[in-house]
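Geometric and topological summary
Take a look at the letters that make up each chain.
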Amino acid sequence: MKKVFVKSYGCQMNVYDAERMADMLASEGYSETKAMEEADLVILNTCHIREKAAEKVYSELGRVRELKNEREAAGYETKVVVAGCVAQAEGKEILRRAPAVDVVVGPQNYHNLPSLLKKPRSERVVDTEFPVEDKFDHLPKPSKAAIRNRGVSAFLTIQEGCDKFCTFCVVPYTRGAEVSRPVAKILDEALRLADAGVRELTLIGQNVNAYHGEGPDGAVWSLGRLLHRLAEIPGIARLRYMTSHPRDMDDELIAAHRDLPAVMPYLHLPVQSGSDRILDAMNRRHTGDEYRRLIERIRKAQPNLALSSDFIVGFPGETDAEFEDTMRLVSDVGFASSFSFKYSPRPGTPAADIETQVSEAVKAERLARLQNLLEMQRQAFNHGTVGQTLDVLLEKPGRHPGQMAGKSPYLQPVQFESDRHAVGEIVTVRIIGAGSNSLFGEISEPGNQAAA
Ligand code: SAM
Ligand code: SF4
C-alpha cells in the first residue's frame, strides 16, 4: 500500500479539506502516515491569509525537496502536491519557485487529485480553474473507521467562499464566490458522522452564517433553520458554527441560541477593529456600536454566551486614536478567547495599495498591547468558571494515567480523574482550578447523556 502524508496550514476549512483528501486517496490505495520521510505522496494543504503563511510553505518545500532527493537516491519515488489557497493564488509560480512540486491544485479542484496524480512525472500540472461542478459530489464518503479515528467532534463544511470583499482579505479570490451546500447533502453527512459516534458538529464555512442552502422542501434554509434540523439527529449533542460575519447574525440564528440546548453558548464573531473609520475602510459594513448592540441582543437570548473574535491591528492609515477605539471595544464587550494579527498586505486586495501603511514597529507595539488585554480577559473568563459545574464532552484520555480530557461548552479544555467514563460521554464536572490553558475538575455526577 502506498503512503500519503498531508500537512494542513491555516483555518478549519483546510483541516476538513485535508480529511476529505485522505478519504479520497484511501480509495486510491493510499494509507495515511504521520512521517513525511516514508510518504510516497506529500501534500501541503496551504493557507494564504497572511504573508508569513505563504513563506512558511516555500521553506517547507525546500525541506521536502531534500527528502525527495534522498528517497530518489534510495530508489523511491515521491510525488509532491501543493493544495489550498497558496496553490490557488500562486499557481504556476509555485512550479517555478519549487522544483520538487509535481501538482498544484486549488481548494475547489482537489477531487481531481486521482487523475492529476496519474500524469507522467515529466508533466507538472496546475489545476486552479473554478469548476462548474460541485467537488463534494465527486468525493467519496469516509469509512466508519476513518470517522471514529478522528474523534467525537467533527467539522462539516456547509458553505464555501465569500462575497463580502473585505479590503484586506484574499478569501473571495482564493475560495471564490459564496456557495451553500444543499440541506439534504449536509444531513446525509451529519447522519453518517453521528452513526459513527460523533457527538459534536462544528459547521464550517468562510462566512458560515451567510448560509442559504436549498432545503428538501425547495425553500431556501437559513443557518438557524438548519441548526434546528441538525439538533434532531440522535447522538448529536452539541452544535457549533464558524466563522461568522456580524452582518449575517439574523433573528432566526439568534433565537437558535435561546431555543436549542445543543447550540453551544460560544460564538466566534470577528469584529476586526473598534474604529468606525477603519471598519468602513475595511468594508466591514457595520460600526463599533452596531457590533456592541448586536452582542447585547445575542446575550439577551443566551445570557451565558462566551465570545471570541479576530482582530487586525495596523490596517493602513490606522491612527493611535483609532487603535484606542479597538482597545475600548474589547474592554466594553469582553472576550473569552480571540485571535489577533498584524495587518499583512495581500497582493491583489484593495488595502494593499493604500499608501499610508503602518510601520512594523507600531504594529508590533499595538499587537502586544491588544494581546495583553485579550489574554487578561481570557484568563479572567477561565478563572470565572472555577466553582461552576459544566458539562464536559469527553474526547480522549488525559495527560496522566487515570485522567480524561474533554471540552466545556465554552471550548475550554478540561482534565479530570476518571476510570469509568468513555470517550463520547458528556459528564457533569465541577471545575476546581484553572491553569493557563486548561481547567481542572472533579466529577459532580455519574456519567450521563451517553451516545444514543
Ligand atoms: N470570514 C471571517 C470574518 O469575516 O471575519 C474571517 C475569515 S479569515 C480566513 C480569518 C482572519 O484572518 C480574519 O478574521 C482576519 O482577522 C485575519 N486576516 C485576514 N486577512 C488578513 C490580513 N491581510 N492581514 C492580517 N490578518 C488578516
Ligand atoms: Fe475575508 Fe471574512 Fe471578509 Fe469574507 S467576510 S472577505 S472571508 S474577512
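Residues numbered from 1 in each chain as written. Chains lettered and ligands numbered in written order. Predicted model: local features only at pLDDT ≥ 70, side-chain atom pairs only at ≥ 80, totals over all residues. Heavy atoms only, no water.

**A look at the site of ligand 1**
Lining the immediate environment of ligand 1, one finds 17 residues, of which Phe168, Gln206, Gln272, Asp310 and Ser344 sit closest. Interatomic distance of 3.3 Å between a side-chain N/O atom of Arg50 and an oxygen atom of ligand 1. At 2.8 Å from a nitrogen atom of ligand 1 is found a main-chain nitrogen or oxygen belonging to Ser344. Expressed as a share of its isolated accessible area of 560 Å², the protein-covered part of ligand 1 is 90%. (Near = heavy atom within 4 Å. Polar contact = N/O pair within 3.5 Å; in protein donor to acceptor, adjacent residues only side chain to side chain. Areas by Shrake-Rupley, 256 points an atom, 1.4 Å probe, with all protein chains shown as cover.)

**Concerning the pairing of strand E17 (residues 389-397)**
Bridge analysis of E17 against strand E20 (residues 426-434) gives 5 bridges, and the strand direction is antiparallel. Counterpart to Val392 in the pairing with E20 is Val427. Taken together, E17 and the strand that follows it, strand E18 (residues 403-407), pair antiparallel across an intervening segment of 5 residues, in which Gly402 is found at a positive phi of about 85°. (Pairing = 2+ DSSP bridges. Helix = DSSP H or I, 4+ residues; strand = E, 2+ residues; numbered from the N terminus.)

**What to know about the site of ligand 2**
All residues adjacent to ligand 2 are Cys162, Lys164, Phe165, Cys166, Phe168, Cys169, Val171, Pro172, His245 and Arg284. Of the residues in the shell around ligand 2, the class split is 7 nonpolar, 1 polar and 2 charged. (Nonpolar A, V, L, I, M, F, W, Y, C, P; charged D, E, K, R; others polar.)

**Here's the deal with the pattern of salt bridges**
Counting across every chain of the model gives 40 salt bridges. Among the salt bridges present, the one from Asp289 reaches Arg292, with a minimum N-O distance of 3.1 Å. Remark: Arg292 and Asp289 occur in helix H12 (residues 288-301); sequence separation between them is 3 residues, near one turn of the helix. Here Asp289 falls in the partly exposed class, since its relative accessible area comes to 42%. (Salt bridge = Lys/Arg side-chain N within 4 Å of Asp/Glu carboxyl O. Buried < 20%, exposed > 50% of the residue type's maximum accessible area, 1.4 Å probe, protein only.)

**What about the confidence of the model for the protein chain?**
Summary statistics for the protein chain give a mean pLDDT of 94 and a share of 98% for residues scoring 70 or more. In the predicted structure, residues 447-452 sits below a pLDDT of 50 and forms 16 contacts with residues beyond four places in sequence or in another chain. (pLDDT = per-residue confidence, 0-100. Contact = heavy atoms within 4.5 Å.)

**Comments concerning the packing of aromatic side chains**
Within the structure shown, the criterion is met by 5 aromatic pairs. For the ring pair Phe315 and Tyr343, a centre distance of 5.5 Å and an interplane angle of 65° mean the geometry is edge-to-face. Here Phe315, found in the loop between strand E15 (306-313) and helix H13 (320-333), pairs with Tyr343, found in the loop between strand E16 (337-342) and helix H14 (360-384); they are 28 residues apart in sequence, far enough to count as distant. Ring centres of Phe381 and Tyr410 lie 5.3 Å apart, and the angle between their planes is 90°; this geometry places the pair in the edge-to-face category. Pair noted here: Phe381 is in helix H14 and Tyr410 is in the loop between E18 and strand E19 (413-417), with a separation of 29 residues, a long-range link. Taking the relative accessible area as the measure of exposure, Phe381 reaches 23% and is therefore partly exposed. Seen from the ring of Tyr16, Arg20 lies directly overhead, with NZ or CZ sitting 4.7 Å from the centre. Seen from the ring of Tyr58, Arg97 lies directly overhead, with NZ or CZ sitting 3.7 Å from the centre. (Phe/Tyr/Trp six-rings, centres within 6.5 Å; stacked < 30°, edge-to-face > 60°. Lys NZ or Arg CZ within 6 Å of the ring centre and 35° of its normal.)

**Some words on the UniProt feature "binding site: [4Fe-4S] cluster 1" (unreviewed entry) in the protein chain**
In the UniProt entry, the feature "binding site: [4Fe-4S] cluster 1" (unreviewed entry) is given for Cys11, Cys47 and Cys85. Taken together, the annotated residues stretch across 75 residues yet fold into one region, lying no more than 10.6 Å apart by C-alpha. Summarising the element assignment, Cys11 is placed in the loop between strand E1 (2-8) and helix H1 (12-26). Structurally, Cys85 is set in helix H3 (residues 84-90). Apart from the residues within four sequence positions on either side, Cys85 is in contact with Thr46, His48, Pro107, Thr174 and Arg175. (UniProt positions renumbered as here; feature names shortened; annotations may be inferred.)

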